[in-house]
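# Observations on the model geometry
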Amino acid sequence: MGMVSFISTIPSLLPLPAPATTSPAISRYPIPSSKICCKIEADNDSEDQFGRRDILKCFGATIGMEIIASSSSFVKEANAADLIQRRQRSEFQSSIKNTLYTAIKENQYLIPSLLTLALNDIMTYDKATKSGGPNGSIRFSSEINRPENKVLTAALYLLDDAKKEIDSYSKGGPVSYADLIQCAAQSAVKSTFLASAIRKCGGNEEKGNLLYTAYGSNGQWGLFDRQFGRSDAPDADPEGRVPQWEKASVQEMKDKFAAVGFGPRQLAVMSAFLGPDQLATEALLAADPAVAPWVTKYQRSRETVSETDYEVDLITALTKMSSLGQQIDYEAYTYPVQRVDLSKLKL
């Protein structure tokens with residue numbers, strides 16, 4: 001069987017129906033608000049006298065019980081607020097995926113560029129200074145026009161248009177380019193695995209969707225989805241941190257991956273991010289004895305029905321790389337919910 005490359009198509013990115021919001025459960029065993037009394041009687045004949053430490057323990061228990069009883073409503077409100085925020089972020093992510101699904105489906109030829117755009121935004125990370133990384137700095141003209149990025153402008157324009165649509169329906173503020181670029185890479189990766197499943201079903205989209213749902217590793221994206229809340233850099237990142245992949249030697253690629261904390265395994269699994277011709281890139285990588293075994297492993301995995309080894313390792317590598325140097329704001333894109341004054345309702 002011939003080698004199978006990581007070829008682009010469109011994934012099923014439609015979100016699952018959001019679960020119905022339920023009110024916080026009320027404890028079946030509420031802590032009563034009551035007083036705790038300690039009866040202290042002097043008994044000079046007894047060896048077990050009630051000392052000062054015992055008195056302090058009683059007072060401590062009293063205060064602790066009162067605090068617990070008074071804070072139970074606060075805990076319930078905090079839990080409810082957390083659930084609301086998580087749902088808001090999840091719904092916003094689903095909407096972003098819908099927008100990207102449509103954009104990528106209509107411009108499949110840009111998938112290799114979307115992957116490289118995400119990688120090049122990541123590869124500005126510098127371990128020594130903890131600067132750069134997937135911070136959206138590649139959006140600046142001074143950075144996108146660099147030799148390693150200039151072929152990626154069409155992909156960035158696609159995301160510019162997608163961002164306008166996303167920001168128009170966002171309730172929690174505009175989406176950052178840092179998040180959008182990485183989410184677009186995720187969508188492109190998913191689309192490619194779905195395309196592979198459809199090809200293995202003779203081009204039947206319905207059967208391909210079923211195959212991808214049954215054997216794909218879609219559930220491995222959980223951590224990636226939680227890393228949603230990257231901040232945009234205010235300026236372009238320094239030059240000279242990202243090589244021109246199509247001109248770089250394998251050693252230069254290995255050195256760059258090592259500089260951000262990754263090795264030959266991640267270099268091999270990310271081969272589709274290194275240029276438009278994955279097979280040509282892998283042929284180059286296979287000449288290196290440290291990378292060659294991984295290239296062979298992933299090529300063989302792509303020939304299987306599930307592609308599990310390749311897909312899981314690719315998701316794992318992208319998840320780790322897409323958060324390098326970033327402080328994730330887990331409250332990003334949330335918004336206050338207007339409370340209903342029940343006393344004003346007319347029943």
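Structure: see above.
Residues numbered from 1 in each chain as written. Predicted model: local features only at pLDDT ≥ 70, side-chain atom pairs only at ≥ 80, totals over all residues. Heavy atoms only, no water.

## So, the nonpolar core
Here is the rule: Buried residues of nine kinds, namely Ala, Val, Leu, Ile, Met, Phe, Trp, Tyr and Cys, make up a nonpolar core once their side-chain atoms join them within 4.5 Å. Per-residue accessibility, obtained with a 1.4 Å probe over protein chains only, is compared with the maximum for each type, and a residue is labelled buried under 20%, exposed over 50%, and partly exposed between these values. Only DSSP runs of H or I reaching four residues or more are called helices, and only runs of E reaching two or more are called strands; each is numbered from the N terminus. In this description, contact between two residues means that some pair of their heavy atoms is separated by no more than 4.5 Å.
If you look at the biggest cluster of nonpolar residues, it comprises 70 residues, and the most contacted ones within it are Phe257, Met270, Phe273 and Leu318. No other element matches helix H5 (residues 177-200), which puts twelve residues into this core. In this structure, Leu318 is in contact with Ile122, Gln182, Ala185, Gln186, Val189, Trp221, Phe224, Met270 and Phe273, ignoring residues within four places of it in sequence.

## Comments concerning the packing of aromatic side chains
Heads up, the condition is: Classification of ring pairs uses Phe, Tyr and Trp, with its six-membered ring standing for Trp, and accepts pairs whose centres are within 6.5 Å; under 30 degrees between planes counts as stacked, over 60 as edge-to-face, and the remaining range as tilted.
Summed over the entire model, instances satisfying the criterion amount to eight aromatic pairs. Judged by centre distance (5.1 Å) and plane angle (50°), the rings of Phe92 and Tyr333 are tilted. With Phe92 in helix H1 (residues 52-105) and Tyr333 in the segment after helix H12 (308-321), this residue pair connects regions lying 241 residues apart in the sequence. Judged by relative accessible area, which is 7%, Phe92 ranks as buried. Its relative accessible area of 8% is what places Tyr333 among the buried residues. Ring centres of Tyr298 and Tyr310 lie 5.8 Å apart, and the angle between their planes is 50°; on these two criteria the pair is classed as tilted.

## Brief notes about unusual backbone geometry
The backbone phi angle of Lys130 is positive, close to 55°, even though this residue is not glycine. Here Lys130 lies in the loop between helix H2 (111-122) and helix H3 (141-144). Although it is not a glycine, Glu307 adopts a positive phi angle of roughly 55°. Inspection of the secondary structure puts Glu307 in the loop between helix H11 (292-302) and H12.

## Comments concerning the pattern of salt bridges
The test is simple: What makes a salt bridge here is a side-chain nitrogen of Lys or Arg within 4 Å of a carboxyl oxygen of Asp or Glu, nothing more.
Counted by the stated rule, this structure contains ten salt bridges. Of the charged contacts in the structure, one is a salt bridge between Asp309 and Lys297, with a shortest N-O distance of 3.5 Å. Taken as a pair, Asp309 in helix H12 and Lys297 in helix H11 lie far apart in primary sequence, twelve residues in all. Since its relative accessible area comes to 41%, Asp309 is described here as partly exposed.

## Here's the deal with empty space enclosed by the protein
Note the threshold: In this analysis, the protein atoms alone were mapped onto a 1 Å grid. Cavities are point sets where a 1.4 Å probe fits without being able to get out; pockets are open sets with protein on both sides within 12 Å along at least five of seven lines; lining residues have an atom within 4 Å of a point. Grid points are joined across faces, edges and corners, and a volume is the space filled by probe spheres set on the points. Residues are grouped as follows: Ala, Val, Leu, Ile, Met, Phe, Trp, Tyr, Cys and Pro are nonpolar; Asp, Glu, Lys and Arg are charged; all remaining types, including Gly, are polar.
All chains considered together, the criterion is met by two cavities of 30 Å³ or more. Here the largest cavity defines a volume of roughly 70 Å³. Looking at the largest cavity, the residues that line it are Phe193, Ser196, Ala197, Lys200, Leu211, Tyr212, Tyr215, Gly216, Val305, Ser306, Glu307 and Glu311. Residue assignment for the lining of the largest cavity shows that the elements contributing at least two residues are H5 and helix H6 (205-215). Per-element accounting of the lining of the largest cavity gives the leading share, four residues, to H5. Residue classes in the lining of the largest cavity are distributed as six nonpolar, three polar and three charged.

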